[in-house]
Structure formats: structure tokens, C-alpha cells
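Okay, here's what each chain looks like letter by letter:
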Number of protein chains: 2
Amino acid sequence: MTDDALLAALKRGERTAIARAITLVESASPEHQRKADALLSQLMPGHQRSLRVAITGVPGAGKSTFIEALGLALIAQGKKVGVLAIDPSSPLTGGAILGDKTRMVALSRSENAFIRPSPSRGALGGVTAGTLEAIWILEAACYDVILVETVGVGQSEIAARALVDCFALLMLPNAGDDLQGIKRGIMEQTDLVFVNKAEGENRTAAERARLELLQALACLRPATAEWTAPVLCGAAKTGDGIDDFAAALWRFDAHIRAQNLLVSRRSEQMRHWLRERVSHAALKKFWAHPDVATQFADLATRISGAPGGIAQEIAALLRLSGLS
Amino acid sequence: MTDDALLAALKRGERTAIARAITLVESASPEHQRKADALLSQLMPGHQRSLRVAITGVPGAGKSTFIEALGLALIAQGKKVGVLAIDPSSPLTGGAILGDKTRMVALSRSENAFIRPSPSRGALGGVTAGTLEAIWILEAACYDVILVETVGVGQSEIAARALVDCFALLMLPNAGDDLQGIKRGIMEQTDLVFVNKAEGENRTAAERARLELLQALACLRPATAEWTAPVLCGAAKTGDGIDDFAAALWRFDAHIRAQNLLVSRRSEQMRHWLRERVSHAALKKFWAHPDVATQFADLATRISGAPGGIAQEIAALLRLSGLS
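Treat the numbers as computed from the prediction; the structure is a model and nothing was measured.

Procedures and definitions
Residues numbered from 1 in each chain as written. Chains lettered and ligands numbered in written order. Predicted model: local features only at pLDDT ≥ 70, side-chain atom pairs only at ≥ 80, totals over all residues. Heavy atoms only, no water. Helix = DSSP H or I, 4+ residues; strand = E, 2+ residues; numbered from the N terminus. Expected span 1.5 Å × (residues − 1). Buried < 20%, exposed > 50% of the residue type's maximum accessible area, 1.4 Å probe, protein only. Pairing = 2+ DSSP bridges. Axes fitted to C-alpha atoms, helices over the stretch in contact; angles between N-to-C directions. Contact = heavy atoms within 4.5 Å. pLDDT = per-residue confidence, 0-100. Polar contact = N/O pair within 3.5 Å; in protein donor to acceptor, adjacent residues only side chain to side chain. Lys, Arg positive; Asp, Glu negative; His and termini not counted. Salt bridge = Lys/Arg side-chain N within 4 Å of Asp/Glu carboxyl O. Phe/Tyr/Trp six-rings, centres within 6.5 Å; stacked < 30°, edge-to-face > 60°. Lys NZ or Arg CZ within 6 Å of the ring centre and 35° of its normal. Arc of directions from axis to C-beta. Parallel < 35°, antiparallel > 145°, perpendicular 65-115°, else oblique. Left-handed = near helix turned anticlockwise from the far one by under 90°. Nonpolar A, V, L, I, M, F, W, Y, C, P; charged D, E, K, R; others polar. Patch = residues over 30% accessible without salt bridge, like charges linked within 9 Å, V, L, I, M, F, W, Y side chains within 5 Å. Areas by Shrake-Rupley, 256 points an atom, 1.4 Å probe, with all protein chains shown as cover. Charge placed at Lys NZ, Arg CZ, Asp CG, Glu CD.

Trainee: Can you help me understand helix 4 (residues 63-76) of chain A in this one?
Mentor: Because an α-helix packs 3.6 residues into every turn, residues spaced three or four apart end up facing the same way. Residue and element names in this part refer to chain A. Its 14 residues give helix 4 an end-to-end C-alpha distance of 20 Å, which sits within 8% of 20 Å, the value for a rise of 1.5 Å per residue. Turning to helix 4, its buried residues are K63, S64, F66, I67, E68, A69, L70, G71, A73, L74 and I75. Positive phi appears at G78, one or two residues downstream of helix 4, with a value of about 95°.

Here's what the structure looks like:
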């Protein structure tokens, strides 16, 4: 397929074209990277009809089930839904032991959904490598909502916040335990909370968790100006509360557009992405310098016993690389 | 206190000296960094009597309770125990909502324990910034076992593996759920597993989890040559299984010493630390270049609409910085 044909197929929303474009972007081959760069430069600039939403939460909070339920609800509203993942846990051997294939079966059958569970890593560097590019590709294919699932807890949330317009947090009814696991830094990023698995005997605990979360959020500066993060209860498995969550999502969408926050957030995302790309390229260039490589090996051997006194040595290494 | 007095107090194991030294290492002030560099260069080189152990697991697995129980058990064996944390989740506002002060009360009362819950961040850069330095300081003060607690799941485990001799994973009895949360990459790092909260009605589930984990581990390449990771069950809260875990830890310790793996692992840790330090210094230098800063701001504005076609632009930025 020629580059132009790929672009045209992408704009028509063809799924094989989307998959091929994302593969190009993630590829480590210089030839693919050149093609990817050319493709990205032709994507519709400043596409801001879409909404990018991070779905985060501790393992076991039910993120997959929630994303499937929310995705189907949004599709029922006439939207096209993309699902991506950020997974910082394994740069070498990614992939959950139980695999991704059994997840989101109903959603993956819909022709208005595109699911890309685990990015292949390493081509561009950084936790978010390839994810923002995949978002652009899905938006060029006219996807309305991009759900970015974070895998793990910690680094991936921070990375996700730099990619999305809206940051949603899934919690379990026993919030006491959860509040210990969820850090203040993550609560401070949060635009929407959903207390999942609030069914049967968990209902009371979920309502208590809801109040505790509202209290905790009230002590923090809101992640989005003039927006009080709502805390909803429900059960993704039965679909309870999902429509309310979708409604809250659209209220948030309207809010950030009315306040002109979407434009500034996207421009911030772009700057962050560019900075990561440049940093990665600079480090690659630095370590590829033959004198730097030799000198580093020598230094590592010399200091292997006593770790101090290396400030001068590092400065010498930087001079070798030409950095001035 | 003079630098020499600090070093002497450190070697006598004085806790205020340990705290002061760690603060120096974490400080962003150039003056403190010079002092820290001088101090580190005087620490006993190649101290390899200690054992460095990462304690990882999903939030809610009971890491704090486990570390407290294990720490007290090791102290009862006549050891000195240091506890550090790696927390990648919030570069800006670290700290759990429920705080660290109420944790490990009994352990923190022991004069043979030193607990440093959350590193202050940003001075050196990188997830592990300051942690390896704190390990060296504790070792200079004759601590025998350094327990490194990971906060969050994902990035912090990968970072921890590069710092420690032994990687321990805490699991909950419902391993099916856990296996979904714990990635293959983390299992591949694991030297020891403890299924926590195996008490009362959870015992059967814990035993099943134990067998599933053994099966999963058997499919993977061992993290440490010629070592089959044992999977133990117990309950940190009651102390059940903790002595067995400590015994397994010492078997592991004997194994890596007998196989000469400790030396190679430590030298690998040092090389990794040095590489992080140098990368951080190189990036700092790169971004501090006035022409780079100006040109980057210009580029970010120009491409804010269309993200492609920037390979040439990035190459130009690198040339500006002098990297050759």
C-alpha cells in the first residue's frame, strides 16, 4: 500500500489501515520511522472533536470490564471508541500472564471499536512511546472517544495524565485500603471517580467510600480548573452506573471546551511529547558517541568499589560528547 | 558537623548521622551535592556483607505489615535492618494520603532498625534517585539487610531490580486475580514469593495460589541462575511463615555468594546507577543550552497542529547542543 493510499484508507476509518499505521509508528526500523513521520505530518492538524480519557485504578478494580461497558455505552450513543494501553511494567517482555485476548470480547466485536491492548515498546523510548501517535491515528480515522487504560499503578498514571484530556479513577468499595494504595499525586490528577463493584452487600461500603473520596478530593486542588470531580458508584459487570458515568464524561467534555481548556491541554500534551522525543534522541546520540562509550566503560570499572568523587568524571564525559 | 566527623559518626552507626547523610545525598543544593560526593567517595568500597532485598506486590498485599514482621524477625536474629522505599508515582507531591507515620510502629522503635519511608525526589533524577546512595550509607553504618519497598506496581519493580540482590514478591491468596495484575516481566524478576494473608478461610485459596505460582514460575527463566524461587504461604499480621521466609532469604544469600553472583550483581547495579547519573547529567546539560531552549520553544509552537515531519528538526536541535 502506498503512503497516500494508507492515509486515504485511514481517513475512511478502515481498521486494517489503522492497525498498519500504528505498527509503522511503533516500528524500530528507520524506513518505517520515516514513513510514520511522513504519515503523521499529513494527519489532520488540530483535530479536537475527540475526547481522550485515561482509565486508571489498582489491579483488580475491574478496568477491563469497566472499559468494555463504557465503550459499549458510548457506541450505543453513536460514537466510535478507541482503546489503548500504557504499560510501563515490562520494557522487555510485556503482556499479562493471562493475556489480553480474553478481555473485552463484546467490545472487540463492535465495528465501531478499535482495541490495541499492549503497545510494542522501545522504538521511541519513554513510557508513552507510541501512545500519543496511536491517539492521533485513531482521531484521523474519526474516532470520538479514546480510552487509555493504564496498566500497573504509579508511573503509568503520571504518563497518562500527560496524554489525555480527562483522567478517570476506578476504585473498589473498601476505600480505606485503596486510599493507602492510591497516592495523593494520583488523586490530584483525577477528574472523575467511579467506585466499581458496588453491588449486593458491597453497596453500603461503596457509599461510604464515595463520601470518603469526596472528602479527600475536597482537600486537594482540582485537576481541572473550576471542575469538582464527581464520585459515582456502580458495577461495570451489570452495567449499573455506566450511563451516569458517560453523562459525567460529556459534562466534563462540555466544561473543558467552554473554558477553552481543551486547546491548552492539547498544546501541553504536544509539548510534552516533543520534549520526550527530543530527550530520547539526545540520549541516543550521546551514548552512540564512540569516545563516550569507551570512557564510560573505563569509568564504570574504575569506580566499581567507591561510588563517590565522580562529578568531575561525569563532566569530562559530557565534554567528550560535544555537549557545550 | 565536619565531613570527617559525619563519616566517623556514620561508621559508628549513629542514626542522626545516617539521616543527615541521606539528606545530603538527596539535596538539590550544589554545596550539599559536593559534600555528598565527597562522603560517598570515602565510604567503605565494595562492602558486600549486606543483603539488599526488594519487597514488591500489589497495593493491599500487606507490604508494610510484612516488612515490619520480617524486620523484627531479622533483628531477633541479631541483624541490623534498614528500610527504604522507591516511589515513582508522584514526582511532585509524594506521600500516601494516609501517611507513613502510622506504619511499622514496632519496627521503628527498634534501635537496630532505620526506616526512611519516602525519598525526596528530583535532585538526581530517575526513579531510583538517591536510593542506591542511601543503601551505601546504611551499609557503611553496618546494616546487614536493606529492605527496599516498592510503592505502586510497574515501573518501581523494574527500578528495584536494578538496585537489589534479591527480589521478593508478595501475593494475595486469590492468585487468579493477582496474576492478571502482576505482569510476566515482574514474575521473571522474582527470587522469592510469599502468599500473604493465608489465614482462616483463606488457607485453601492460598495453597491453590501457591501451586499456581509455582507452575507459572516453572515456565519462566529463573531470575537468578540455578535458583528455583520458593513460594511460601503465611500471614504477616500473625507472624506465621515469617521465620520460614527469613530462612529462605538466608539460603538465597548463601547461594548467590557461593555462585559468585553477588559480586557480578553489585557491579551491574553500580554500572546501572552510573549510567542513570550520566544520562541525567547529559540531559540537564542539553536542555540548559540557551540555543536549544529557544529553538525548542519555537519548534513546539510551529508543530502544535501537525505532529509529523520533525525528524529533521530534532536532528537540528541536537547539532545546536554540540552533540556530535
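Trainee: Just to check I follow, could you spell out the sheet that holds strand 1 (residues 51-57) of chain B for this structure?
Mentor: Residues and elements named next belong to chain B. With parallel pairing, 7 strands are arranged side by side in an open sheet as 3-2-4-1-5-6-7. The strands lining the two open edges of the sheet, one partner per strand, are strand 3 (113-116) and strand 7 (231-233). Each adjacent strand pair in this sheet contributes to an overall mean axis angle of 20°, direction not counted. Where strand 2 (residues 81-86) lies against strand 4 (residues 145-150), 6 bridges are found, and the strand directions are parallel. Bridge pairing in strand 4 links V83 to L147. Lying over the sheet, helix 10 (residues 203-218) contacts strand 5 (166-171), strand 6 (192-195) and strand 7, oriented at roughly 170° with respect to strand 7.

Trainee: Whenever I open this one, the confidence of the model for chain A confuses me. Can you help?
Mentor: Parts of the model with low pLDDT should not have their predicted coordinates read in detail. Across chain A, the average pLDDT comes to 83, with 83% of residues at 70 or higher. For residues 89-101 of chain A, every residue scores under 50 in pLDDT, and the model assigns this stretch 22 contacts once sequence neighbours within four places are set aside.

Trainee: Got a minute to help me understand the side chain of R116 of chain B in this structure?
Mentor: Residue and element names in this part refer to chain B. Secondary-structure assignment places R116 in strand 3. Relative accessible area serves as the criterion here: at 19%, R116 is assigned to the buried category. Reaching out from R116, the side chain makes a polar contact with the side chain of E26 at a distance of 3.0 Å. Discounting chain neighbours no more than four positions away, the residues touching R116 are A19, I22, T23, E26, V83, L84 and A85.

Trainee: Explain the sheet that holds strand 7 (residues 231-233) of chain A here, please?
Mentor: Strands pair in a sheet through their backbones, by hydrogen bonds, and they do so in one of two ways: parallel or antiparallel. Residues and elements named next belong to chain A. Read from one edge of the open sheet, 7 strands run 3-2-4-1-5-6-7, paired in parallel fashion. The strands lining the two open edges of the sheet, one partner per strand, are strand 3 (113-116) and strand 7. In this sheet, adjacent strand axes meet at a mean angle of 20° when their direction is disregarded. When strand 1 (residues 51-57) meets strand 5 (residues 166-171), the two strands line up parallel, connected through 5 bridges. Within strand 5, the position partnered with A54 by the bridge is F167. Across the face of the sheet, helix 4 comes into contact with strand 1, strand 2 (81-86), strand 3, strand 4 (145-150), strand 5 and strand 6 (192-195) while running at roughly 175° to strand 4. Strands in contact with helix 6 (residues 131-140) are strand 1, strand 2, strand 3 and strand 4; relative to strand 2, the strand with the most contacts, it is inclined by about 175°.

Trainee: What should I look at first to understand the pairing of strand 2 of chain A in this one?
Mentor: The element strand 2 of chain A is largely enclosed, with a buried count of 6 among its 6 residues. Covered by surrounding structure in strand 2 of chain A are V81, V83 and A85 of chain A together with G82, L84 and I86 of chain A, the residues of both alternating faces.

Trainee: I tried to follow the side chain of K63 of chain B on my own but got confused; where do I start?
Mentor: All names here are of chain B. Tracing the chain through its elements places K63 in helix 4 (residues 63-76). With no salt bridge to any partner, buried K63 finds its closest opposite charge in E149, at an N-O distance of 5.3 Å. Here G57 takes part through its backbone oxygen, which lies 2.6 Å from a polar atom of the side chain of K63. Those residues in contact with K63 that sit more than four places away from it in its chain are I55, T56, G57, V58, E149, T150 and L170.

Trainee: Help me understand the packing of aromatic side chains, please; the structure alone is not making it clear to me.
Mentor: When we look at a pair of aromatic rings, we describe it by the centre distance and by the angle of the planes. Residues and elements named next belong to chain A. Evaluated as defined, the whole model comprises 14 aromatic pairs over all chains. Seen from their ring centres, F286 and W287 are 5.1 Å apart, and the 85° between their planes marks the pair as edge-to-face. Neither residue differs from the other here; F286 and W287 are each classed as buried. Put simply, the rings of F66, F194 and F245 touch in pairs and so form one group of aromatic residues. Lying over the aromatic face of W250, K79 brings its terminal NZ or CZ to 4.8 Å of the ring centre.

Trainee: When you look at helix 1 (residues 3-11) of chain B in this model, what are you seeing that I'm missing?
Mentor: All names here are of chain B. All buried positions along helix 1 are accounted for by L6, L7, A9 and L10. For helix 1, the angular spread of the buried residues around the axis is 165°, confining them to a single face. The inward-facing, buried residues of helix 1 contact helix 2 (15-26), helix 3 (30-42) and helix 6 (131-140). Taken from the residues just after helix 1, G13 is the one with a positive phi, measuring 85°.

Trainee: Any chance you could explain the packing of helix 4 of chain A against helix 11 (residues 242-258) of chain A here in plain terms?
Mentor: Each pair of packed helices can be described by the angle between their axes along with the distance between the axes. Residue and element names in this part refer to chain A. One can describe the packing of helix 4 onto helix 11 by two numbers: an axis separation of 10 Å at closest approach and a directional angle of 70°. With respect to helix 11, the axis of helix 4 lies roughly perpendicular. Between helix 4 and helix 11 the crossing geometry is right-handed. For the pair helix 4 and helix 11, the contacting residues are F66, A69, L70, A73 and L74 in the first and I242, D243, F245, A246, L249 and W250 in the second. Grouping the constituent residues of the contact of helix 4 with helix 11 by class yields 10 nonpolar, no polar and 1 charged.

Trainee: Whenever I open this one, a negative patch on the surface confuses me. Can you help?
Mentor: Residues and elements named next belong to chain A. Residues E199, D240, D243 and D244 make up a contiguous surface patch of negative charge. Within the secondary structure layout, E199 lies in the loop between strand 6 and helix 10 (203-218). Looking at E199, the relative accessible area reads 31%, which means it is partly exposed.

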